Amino acid sequence: MSTEVVSVRPETPVEEIARTLLDNRISSVPVLDRNGRLVGIVSDGDLTRRAEIGTEPRPAWWSPLLNDARSTAYEYVLTHGRTAADVMTAHPVTTTESAPLHKVAALLARGRYKRLPVMRGERVVGMISRTDLVRKLASVAATEAAAPASDEAVRERVMERIHDMPWNMRIRAINAVVDDGVATIYGWAGSDVERRAIQVAVENTPGVRKVEDGLHSVPPYV
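Since we're looking at a predicted model, the values are computed, not measured. (Residues numbered from 1 in each chain as written. Predicted model: local features only at pLDDT ≥ 70, side-chain atom pairs only at ≥ 80, totals over all residues. Heavy atoms only, no water.)

Enquirer: Even after reading the chapter, I still don't get the overall build of the protein, so can you show me in this structure?
Expert: Counting secondary structure elements, the protein contains eight helices and nine strands. Burial statistics for the protein: of 222 residues in total, 33% are counted as buried. Total accessible area computed for the protein in this model is approximately 14,100 Å², and 54% of it derives from carbon and sulfur atoms. (Helix = DSSP H or I, 4+ residues; strand = E, 2+ residues; numbered from the N terminus. Buried < 20%, exposed > 50% of the residue type's maximum accessible area, 1.4 Å probe, protein only. Areas by Shrake-Rupley, 256 points an atom, 1.4 Å probe, with all protein chains shown as cover.)

Structure follows, in structure tokens:
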């Protein structure tokens, strides 16, 4: 996560928020009250449909007949409001310092968020973004590439990955041979997609630089 949190106040003008996002090359900023508590978040998406640039929604002529005054007024504030308090998403989704990365990734994907505030109690102590997860992926790949292992050790990793695959395959790959980082896998696969899944598991095993596919498809009558 990024620990240098760029934030705004509820009274911060919309134009200043736009400049803050651009100057810092970020996609959203938390909104903190006078006591430093999180009260909302403003993203670049909140600033894309604005009256100043002619991108506000253009309702059809019959919309007033169907939409209630409350929702129409709310939409007007979002597209014409002058401060963070007007355009922010209140009660934003957050995470914590101790949250596992897979849960953070699930939150980002579920809500299609680009960044999440990281909380310690009521305080924002960082922001975590999709870019942070990509950076973590790159660092893991670099670490694995820098850690040489014997062919036998790599084979053990390959077999562990195959046996730990998270579903019940009809027939599992039963063996693998590793020679100078080239993994050859033998056995049977219940379908083309299972066959590819086995290949992917082996490809992702640290120490494997190439996969030779010796798998066979299970006959339909098996």
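Enquirer: Just checking my understanding: could you explain the nonpolar core for this structure?
Expert: Buried together is how nonpolar side chains tend to be arranged in soluble globular proteins. Val158, Ile162, Ile185, Ile198, Val202 and Val208 are the most contacted members of the largest nonpolar core, which has 16 residues in total. Of all the secondary structure elements, the ones that give two or more residues to this core are helix H7 (151-163), strand S7 (173-179), strand S8 (182-189) and helix H8 (192-203). Among residues more than four places away in sequence, those in contact with Ile185 are Ile162, Asn175, Ala176, Ile198, Gln199, Val202, Val211, Glu212, Asp213, Gly214 and Leu215. Val8, Ile26, Val29 and Ala84 belong to the second largest nonpolar core, which has 12 residues in total. (Core = buried A, V, L, I, M, F, W, Y, C linked by side-chain atoms within 4.5 Å. Contact = heavy atoms within 4.5 Å.)

Enquirer: I tried to follow the sheet that holds strand S5 (residues 115-120) on my own but got confused; where do I start?
Expert: Strand pairing within a sheet occurs via backbone hydrogen bonds; the two strands may be parallel or antiparallel. Reading across the sheet, the three strands line up as S4-S5-S6 and stay open at both edges, with mixed pairing between neighbours. Here the strands that pair on one side only, and so sit at the sheet edges, are strand S4 (95-96) and strand S6 (123-129). (Pairing = 2+ DSSP bridges.)

Enquirer: Would you mind showing me how to read the side chain of Asp33 here?
Expert: Looking at the secondary structure, you find Asp33 in the loop between strand S1 (28-32) and strand S2 (38-43). Taking the relative accessible area as the measure of exposure, Asp33 reaches 17% and is therefore buried. From its side chain, Asp33 meets the backbone nitrogen of Asn35 in a polar contact 2.9 Å long. When residues no more than four places from it in sequence are discounted, the contact partners of Asp33 are Arg9, Pro10 and Val39. (Polar contact = N/O pair within 3.5 Å; in protein donor to acceptor, adjacent residues only side chain to side chain.)

Enquirer: Help me understand the sheet that holds S2, please; the structure alone is not making it clear to me.
Expert: Strand order in the open sheet made by the three strands is S1-S2-S3, with antiparallel pairing throughout. Single-partner strands in this sheet number two, and they are S1 and strand S3 (89-90). Bridge count between S2 and S3: two bridges; the pairing is antiparallel. Considered in S3, the bridge of Gly40 is made with Ala90. Against the sheet, helix H1 (residues 14-24) touches S1 and S2, its axis set at about 130° to S1. (Axes fitted to C-alpha atoms, helices over the stretch in contact; angles between N-to-C directions.)

Enquirer: What is the right way to read the pattern of salt bridges from this model?
Expert: Where charged atoms of side chains with opposite charge meet at close range, the side chains can pair. Throughout the structure, instances matching the rule amount to 12 salt bridges. For Asp33, the salt bridge is made with Arg37, and the minimal N-O distance between the two is 3.6 Å. In this structure, Arg195 engages Asp213 in a salt bridge whose closest nitrogen and oxygen atoms are separated by 2.9 Å. Linking Arg195 in helix H8 with Asp213 in strand S9 (residues 210-217), this pair joins segments that are 18 residues apart in sequence. The exposure class of Arg195 is partly exposed, given its relative accessible area of 22%. You can call Asp213 partly exposed: its relative accessible area is 34%. Sharing partners across several salt bridges, the network here consists of Glu15, Arg50, Glu52 and Arg82. (Salt bridge = Lys/Arg side-chain N within 4 Å of Asp/Glu carboxyl O.)

That's the geometry; what it means functionally is another story.
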